[in-house]
Amino acid sequence: MQEPIKHHWIATVQTANGLIATEHGSIDVTPGQTTHTATFSQVREALAGKYDAPHLVFLFFALHPDQL
């Protein structure tokens, strides 16, 4: 089993009332087990809760390993 790798994400979202915001954070992703879709869904749920916006629209989303 592979160890999780910390990934950094950046997202620009828009709420139904027109608020546009850019957020970022990190999330642990396990190669071969965690999909990009599942990771996006986790971020989407967190931001939808933060902005109390179930119909949140993503204008931009990027996900990359958090390493140089």
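The sections below set out a description of the structure shown in this document.

Reading the values: rules and limits
Residues numbered from 1 in each chain as written. Predicted model: local features only at pLDDT ≥ 70, side-chain atom pairs only at ≥ 80, totals over all residues. Heavy atoms only, no water. Helix = DSSP H or I, 4+ residues; strand = E, 2+ residues; numbered from the N terminus. Expected span 1.5 Å × (residues − 1). Contact = heavy atoms within 4.5 Å. Buried < 20%, exposed > 50% of the residue type's maximum accessible area, 1.4 Å probe, protein only. Pairing = 2+ DSSP bridges. Core = buried A, V, L, I, M, F, W, Y, C linked by side-chain atoms within 4.5 Å. Axes fitted to C-alpha atoms, helices over the stretch in contact; angles between N-to-C directions. Phe/Tyr/Trp six-rings, centres within 6.5 Å; stacked < 30°, edge-to-face > 60°.

Spanning 15 residues, helix H1 (residues 36-50) covers 21 Å between terminal C-alpha atoms, matching the ideal 21 Å at 1.5 Å per step. Contacts from the buried residues of H1 go to strand E1 (5-14), strand E2 (20-29) and strand E3 (57-65). Trailing H1 by a residue or two, Asp-52 shows a phi angle of about 45°, which is positive.

Attention now moves to the pairing of E2. Side chains Ala-21, Glu-23, Gly-25, Ile-27 and Val-29 project from E2 onto a buried face, and the interleaved Ile-20, Thr-22, His-24, Ser-26 and Asp-28 project onto a face without burial. Bridge count between E1 and E2: 10 bridges; the pairing is antiparallel. Bridging across to E2, Ile-10 finds its partner in His-24. Where E1 folds back on E2, the antiparallel hairpin that results is connected by 5 residues, among which Gly-18 adopts a positive phi of roughly 95°.

Okay, the nonpolar core next. Trp-9, Ala-11, Val-13, Ile-27, Val-29, Val-43, Leu-47, Ala-53, Leu-56, Phe-58, Phe-61 and Leu-63 together form the largest nonpolar core, which totals 12 residues. Apart from residues no more than four positions distant in its own chain, Ala-53 is found in contact with Thr-15 and Ala-48.

Before going further, it helps to spend a moment on the sheet that holds E3. Spatially, E2-E1-E3 is the arrangement adopted by the 3 strands of the open sheet, whose pairing is antiparallel. With one partner strand each, in any of the chains shown, E2 and E3 form the two edges of the open sheet. Within the sheet, the average angular offset between the axes of one strand and its neighbour, ignoring direction, is 15°. Packing of H1 onto the sheet brings it into contact with E1, E2 and E3, and relative to E3 it is tilted by some 130°.

Another aspect to go through is the packing of aromatic side chains. Under the counting rule described, the total for this entry stands at 3 aromatic pairs. Relative to Phe-61, the ring of Phe-40 has its centre 4.9 Å away and its plane inclined at 85°; by these criteria the two rings are edge-to-face. Taken together, the residues Phe-40 in helix H1 and Phe-61 in strand E3 connect sequence positions 21 residues apart. On the basis of relative accessibility, which here comes to 25%, the residue Phe-40 falls in the partly exposed class.

Quick look at the environment of Ala-21 now. Mapped onto the secondary structure, Ala-21 falls in strand E2. In this structure Ala-21 comes out as buried when scored by relative accessible area, which is 14%. The spatial distance from the C-alpha of Ala-21 to the C-alpha of Leu-59 is 9.6 Å, given a sequence separation of 38 residues. Those residues in contact with Ala-21 that sit more than four places away from it in its chain are Ala-11, Thr-12, Val-13 and Tyr-51.

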